[in-house]
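Here is what each chain is made of, one letter per residue.
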Amino acid sequence: AELTVGFSQIGSESGWRAAETSVSKSEAAKRKINLKIADAQQKQENQIKAIRSFIAQNVDAIFLAPVVASGWDAVLKEAKEAKIPVVLLDRDIDPSGKDLYLTAVTSDSVHEGEVAGEWLAKTVGGKACNVVELQGTVGASVATNRKKGFDAVIAKNANLKVVRSQTGDFTRAKGKEVMESFIKAENGGKSICAVYAHNDDMMVGAIQAMKEAGLKPGKDILTVSIDAVPDIFKAISAGEANATVELTPNMAGPAFDAIVAFKEKGTVPPKWIQTESKLYTAADDPQKVYDSKKGLGY
Amino acid sequence: MSDSSAPPAARPSLLEIRGLTKSFGALKALQDVDFTLGEGEIHALLGENGAGKSTLIKVVTGVFARDAGTVRLAGDEIAPRSAKDAVEAGIATVYQEVNLLPNLSVAQNLYLGRQPTRFGVVRQAEMRRRAHALLLDYGLDIDVGAPLASYSVAVQHITAIARAVDLSARVLILDEPTASLDRHEVEILFRVMRKLAADGIGIVFVSHFLDQVYEICDRVTVLRNGRLIGTRDITDLPRLDLIRMMLGRELAETTHERAASQPDTAREVCVSFKGFGKQGYVAPFDLELRRGEVVGLAGLLGSGRTETARLVFGAERADSGEASVAGKAVRLNSPRDAAGLGFGYCPEERKTEGIVADLTVRENIVLALQARRGLHRPLSRREQDEIAMRYIRMLDIRPPDPERPIGLLSGGNQQKALLARWLATSPKLLVLDEPTRGIDVGAHAEIIRLVRDLCEQGLALLVISSELDEIVTYSNRVVVLRDRAHVEELKGDAVEVSSILAAIAADAPTAQEVAS
Amino acid sequence: MKASTSVAITAAVLVAGFALCALQFPNIASTRVVANLLTDNAFLGIVAAGMTFVIISGGIDLSVGSVIGFTTVFVALAVERWGIPPFAAFALVLVLCALFGAAMGAVIHVFDLPPFIVTLAGMFLARGISFLLSTESIPITAPIYSAVSDFAIRLPGGGRLTAIAIAMLAILVLSALLLHLTRFGANVYALGGSRTATALMGIPVGSMTIRIYMLSSVLAGLAGIVFSFYTAAGYSLSAVGVELDTIAAVVIGGTLLTGGQGSVIGTFLGVLIQGMIQTYINFDGTLSSWWTKIATGVLLFVFIALQQGLMALARRSSVKPAGVKPVGVST
Amino acid sequence: MTLRIPRRGLAQAFALIVILMIDRAVSPQFFNLHLQDGRLFGSVIDVLNRGTPVALLSLGMVLVIATGGIDLSVGAVMAIAGATAASLADTHSLPVVIGSALAVGLACGLWNGILVAVLRIQPIVATLILMVAGRGIAQLITEGRIVTFTSPDLVWMGNGAVLGLPTPIVIAIGMLLLTGAVVRGTALGLLIEATGGNARASELSGVGTRAMILSVYVWCGICAALAGVIAAADIMGADANNAGLWLELDAILAVVIGGTSLFGGRFSLVLAVAGALIIQAMNTGILLSGYPPELNLLVKAVVVLAVLLAQSPRLGDLSRFTARWRRSKP
Ligand SMILES: Nc1ncnc2c1ncn2[C@@H]1O[C@H](COP(=O)(O)OP(=O)(O)OP(=O)(O)O)[C@@H](O)[C@H]1O
Ligand SMILES: Nc1ncnc2c1ncn2[C@@H]1O[C@H](COP(=O)(O)OP(=O)(O)OP(=O)(O)O)[C@@H](O)[C@H]1O
Ligand SMILES: [Mg+2]
Ligand SMILES: [Mg+2]
């Protein structure tokens, strides 16, 4: 029997998200699984509605990429009553819901921030370094966590200091605008030593801002960001960006495997299937990575 | 005439206004005005358009803040800061522009803010019953549950009056209540006013119809340019003196002679309608309008005069018949078509269908001309100024400031500006729905003279007026309507008030019968 | 045209839409889906009731989404961090919302500013305050929350009429009574007809304005409480963009944005129509993010065009006689 | 209901100056300017440059609002036009690219206009349809990705300079002049104001109100498309998910700050653009200030209220009152 899986996706707010959706589709096709995707347009209430309608349609499993950590207990309880296993993708939820889902395939976004911070600490060595930070959307859990992880590393290194931190809403345009003002506020950018962006898109915008201000990103100012979307590899190979931390778009693959095993053999997967947060720099043949990622739907 | 056993001046005074002053920016709308209203008195407040009558009323009722002066009601000084305060103090007012709510039912309009309730719930049926009964007193037997917007201006005006009267106030102020009423309704209103006066209520009455003033008022107070000219007992005041007080000059009394009526056939037909009509709106009619001729439309409230005008102007699309101009059939599906053919139309509802309140007098005057010329031939600012000033002078629009938003003009002056809007297009056919509504005696004469001049220059005119005298004065022919159908056409010597009345009332009781 | 006709037409459009959806996905015609429709849109129904008052009075309230967000954060913090008992927290937050709405109403009236912009500022303000309170989402674990979310009237066919759905229905009924049967309601319509005329008729326009925005904010606060039950959490980003959904629901329900006309029942139908569209898209499940948006737009258009078309037909078939006949004229 | 002395523009100019002064206070180098690669460089230029999209949107929006309408779809139209331009940029010449983007904007405007003027759907819902579906269409074009391009011509539209001024600023000024010429050089402005002031009266005066309404939505679509092209050129890519997101609110805000009533009637192009600059000066100030981003919305709320209160006619009455009171004292 073919499996039908309902996937409550957050939306398509970024290239990364689009890639996750398209990779999920191709992974489902590989396994001949019937995948129903409901796009929540960034709203939790829409995700809850979608899960309810999956329950009403009696799907075999539900994937949920939760837009926010809390508030899932009631609807997940309904799923449990209906005996439909739930797999979380990409982000975890509050501990209170731990027994309501089968497994979570996620990366740890606090850890991503740490990886970025540690790369920076290692790269500057003991030199004093003023960092400016481009935050994600205010209130988004990824932004909060990536900040938390990065700040933890900064706290351990007295030579690193975050001098400015503003939100760039995860977008290129805002990343560019915010960076423009950082440059002006920080003495034409001369006192900035590194930029940390919560995602690559903002960094791509920031790189443009630096170039327009006559600065050399990647040399005058170090850059580190998160996600590993193709465009940042282009910048790395051009020497305009230094590092990125990968968040793999393939969350669905392991999730499908877990569900298939659970349905067919009753194997209960571990509670948390963590994906790797791999750091990429100029040393990792960025052009090749770019070529491999280009077709994934970013 | 109301009860005159006591000399009016000796009545105990109810409302005393002293030294009232109000300016709008540089414009001094009221300067040091005194006014006294006695108990049971009907007191006319008169003056030219823009003299400050409405302003005086609004200052007294707290709609405008006064700059100086005192107002006493039955001896106590009052200073209402909103219409609500005035109502609570016992002053009920019908403002000049019907200020009711078109989206609410007639009953809600009558009882807004004081609906009968039980446990906080409005008793709809009871309210409707009361409303229906209340309007019956004014000769209206209508569905009070229907939205006010579905009724004509006249009904709306009566509703406003009924509401104010029913507030059982001590002072009742009526700002041109009769402007859109015809004889029949005016009779009813006067009957109500007399009864209220007999009960000791003081009534302030604003009107431009001097006949009515002489018929019902005890005293008159005249304003000119915001200043008090004087207060007189009506019995001691000959009509010509009153007019001189208002205008500050003599008025050449031209208003009451008949238009010379030439034989119809001598004139060239300019526009003609055959079997023109719309189902459920106006029955198909034939109508020929000739150059230089005035055709009057007469009929009772709701007889279909406004509807005829709207059809003729394409504001409502006819579903039968055809229209032709100079013998050629034409398309008449929208006001734009009509304007393109050289028609013009001054609607009856000045505020909602006439003026664009935010725009200046100049812009309002050139609007129709500009619309007809199209986008690509804009009138230069100089041309606009010229046109505006020409008509402001010709029609004596006051204040003569083309850059004033038209919404800030007095009602009568707005009406003149609307007339100017169409005159500026030099139309072939002009349709005027109640053109002299709210216009003062001086301007009234001017407009009638203007209408004649226009005809002499070859314009065809279709005029609706509730004032039969006026219709008779300038019409060559009169079409009488009843129940949304054209029933009779009077021409030549047959154009007389009495024969029009006879035609209107062919199968209806006369006003006197209803009134008695 | 009469208000009842417009409501009837909207209802007909809803039923027809539901029938079409059920034809394609028979599962839709179940008590479960219908009950879900009520539960999922409970908070929307409640804010929309408040918005109906505002829009009929000729105004608009863009702050409701943010007020919901603020309420959830405040309630979560109060219950979980500050140790305030849930019901006291509800009372407190409703008082805050009332003050907030009253302040907006007062600014609109006293300074004669357009409601669109004042409430836009209110939207920024309420969202800004929630960010200050907490940017993280806070789970609520108070026992009353699980008790309420477990409560439901079971319907035949697997449907669950939940507490929050019942709360919405109750609030809608109360709002309808308030709007259609009381003096307050009549005054709301009056304000939408013409502010000046209403003032000249002696209605206290200022205090009415304040009370209307107060009502809207309080109902948004209630919707926020319901939302916090729905998700058992408080989150500063919750209900972003809900103001537009709300306005759309109200307007689809036949309320004129220019004021003076509309009904709570219509609004309820509007909420259901929007819920329908989403349910349909969820059931389809093959749509990518962009096709979801396009389909939502197209369905919205189809509903509105259908409604508009039927409305025009109804108008044509009942040509109104515009005039009146004086007493005594017989026909 | 009291007479309002025409003080158009005064309040806006005052607000802009005050905000710029505050910007100067939070960031001392605010007014510094120098040439960087043949382009003027400085915070003031940023205000103008970043303000361009909203300024362009407000040029169209102000006309729509003047007729008593509103257009919520401009953000989505920006996204569609940006996506169109970006996907054609590397294979077609600049005129073709811009021409197609503007044509797309025109089509969107026409759609809105037909819904409002012909089908008589309330503007806010009519344009809500395209607001929702339009972003979907934009994403359909880009398939949810950020489509990047390298065409130097199109990049110049966003990052180039004319006589030292960034191209977007020059384009915005050009559009302001063009719109001004079209609207005030013909009778369009008067007829739009009449339509917005009282549609029924205008119709009865022979104004083709439908055509007026149709044309303003079309113009609004074109302005939005141009804004979309510039936004795409700026980041050298079309971000269908985020381009123009929520900018419709900024554009409406700009128009209202510019003194145009949401009920229609009188409008001013220049003041609408000034409104856009006020908003941007505030945003740039927030970015320069270094406050944590949680405060952004609060600051925005306070500034918006302050600017509006400064314009409130009632406040004017109050100040005149106090002035008179002071004068009356010896
Ligand atoms: N709100 C206002 N703002 C400025 N000027 C006003 C305002 N209202 C009235 N005016 C001006 O005050 C003067 C007096 O107007 P008012 O309406 O009192 O005249 P009126 O005597 O009632 O005339 P009418 O017979 O035409 O109704 C006019 O010149 C008018 O333009
Ligand atoms: N299609 C319409 N749209 C808007 N208003 C209309 C329409 N048809 C009629 N009216 C208005 O409804 C009212 C009906 O007027 P009524 O039947 O009393 O006409 P009338 O014979 O001209 O009466 P009077 O002029 O004495 O009020 C008119 O004031 C007219 O302006
Ligand atoms: Mg007057
Ligand atoms: Mg009439």
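Calculation rules
- Residues numbered from 1 in each chain as written.
- Chains lettered and ligands numbered in written order.
- Predicted model: local features only at pLDDT ≥ 70, side-chain atom pairs only at ≥ 80, totals over all residues.
- Heavy atoms only, no water.
- Helix = DSSP H or I, 4+ residues; strand = E, 2+ residues; numbered from the N terminus.
- Rg over C-alpha atoms; globule rule 2.2 N^0.38 Å.
- Buried < 20%, exposed > 50% of the residue type's maximum accessible area, 1.4 Å probe, protein only.
- Contact = heavy atoms within 4.5 Å.
- Areas by Shrake-Rupley, 256 points an atom, 1.4 Å probe, with all protein chains shown as cover.
- Lys, Arg positive; Asp, Glu negative; His and termini not counted.
- Charge placed at Lys NZ, Arg CZ, Asp CG, Glu CD.
- Near = heavy atom within 4 Å.
- Polar contact = N/O pair within 3.5 Å; in protein donor to acceptor, adjacent residues only side chain to side chain.
- Buried area = accessible area lost by both parts, 1.4 Å probe.
- Salt bridge = Lys/Arg side-chain N within 4 Å of Asp/Glu carboxyl O.
- Nonpolar A, V, L, I, M, F, W, Y, C, P; charged D, E, K, R; others polar.
- pLDDT = per-residue confidence, 0-100.

Peer 1: Provide a residue-level description of the overall build of chain B, including the pertinent values.
Peer 2: Secondary structure assignment for chain B yields 18 helices and 22 strands. Its C-alpha atoms give chain B a radius of gyration of 23 Å, within 12% of the compact-globule value 24 Å for 516 residues. Across the 516 residues in chain B, those meeting the buried criterion constitute 59%. Nonlocal contacts in chain B, meaning residues at least 24 apart in sequence, comprise 67% of its contacts between residues at least 6 apart. When the accessible surface of chain B is split by element, carbon and sulfur atoms take 49% of a total near 19500 Å². Put simply, chain B has 63 plus and 70 minus side-chain charges, and the middle of one group is 5 Å from the middle of the other.

Peer 1: Explain the site of ligand 1 to me, and be specific about the residues and the numbers.
Peer 2: Taken together, 24 residues form the shell around ligand 1, and within it B:Gly50, B:Ser54, B:Thr55, B:Arg404 and B:Ser410 come nearest. Looking at the residues close to ligand 1, they fall on chains B and D. Between B:Lys53 and ligand 1, the recorded distance is 2.8 Å, taken from a side-chain N or O atom to an oxygen atom. Within the contact set of ligand 1, an oxygen atom lies 3.0 Å away from a side-chain nitrogen or oxygen of B:His208. For ligand 1, the accessible surface in isolation is 640 Å², of which the surrounding protein chains cover 94%. Of all the secondary structure elements, the ones that give two or more residues to the shell around ligand 1 are strand S2 (27-38), helix H1 (53-60) and helix H14 (411-423) of chain B.

Peer 1: Please set out the interface of chain C and chain B residue by residue, giving values where relevant.
Peer 2: Taken together, the 32 residues of chain C in the interface contact 41 residues of chain B. When chain C packs against chain B, close to 2900 Å² is buried across both sides, 64% of that on carbon and sulfur atoms. Taken together, chain C and chain B are joined by 0 salt bridges. In this structure, the connection of chain C to chain B is made through 5 residue pairs in polar contact (both at pLDDT 80 or more). Sorting the residues of the side of chain C that touches chain B by element identifies helix H8 (163-181), helix H9 (183-193) and helix H10 (195-200) of chain C as the ones contributing at least two each. Broken down by element, the residue count for the side of chain C that touches chain B peaks at 7 residues, all from H9(C). Here the residues of the side of chain C that touches chain B are counted per class, giving 17 nonpolar, 12 polar and 3 charged.

Peer 1: Could you give an account of the pattern of salt bridges, with specific residues and numbers?
Peer 2: Under the definition given, this model contains 60 salt bridges over all chains. A salt bridge links D:Glu143 to D:Arg145; its shortest N-O distance comes to 3.5 Å. Among the ionic contacts, a cluster of salt bridges with common partners joins A:Lys176, A:Glu180, A:Glu212, D:Arg39, D:Arg50 and D:Asp234.

Peer 1: Quick one: what's the story with the interface of chain C and chain D, residue by residue and with numbers?
Peer 2: At the interface, 45 residues of chain C touch 45 residues of chain D. Where chain C abuts chain D, roughly 3800 Å² becomes buried across the two surfaces, and 84% of that area is made up of carbon and sulfur atoms. Inspection of the region where chain C meets chain D yields 0 salt bridges. The interface formed by chain C and chain D includes 5 residue pairs in polar contact (both at pLDDT 80 or more). At the level of elements, helix H5 (86-110), helix H6 (115-133), helix H12 (242-252) and helix H14 (289-317) of chain C are the ones that each hand at least two residues to the side of chain C that touches chain D. Top contributing element to the side of chain C that touches chain D by residue count: H6(C), with 12 residues. Looking at side-chain class alone, the side of chain C that touches chain D contains 30 nonpolar, 12 polar and 3 charged residues.

Peer 1: Explain the confidence of the model for chain D to me, using residue names and the numbers behind them.
Peer 2: When the pLDDT values of chain D are averaged, the result is 90; 93% of them are 70 or greater. Scored below 50 in pLDDT, residues 1-6 of chain D makes 11 contacts in the model with residues more than four places away or belonging to other chains.

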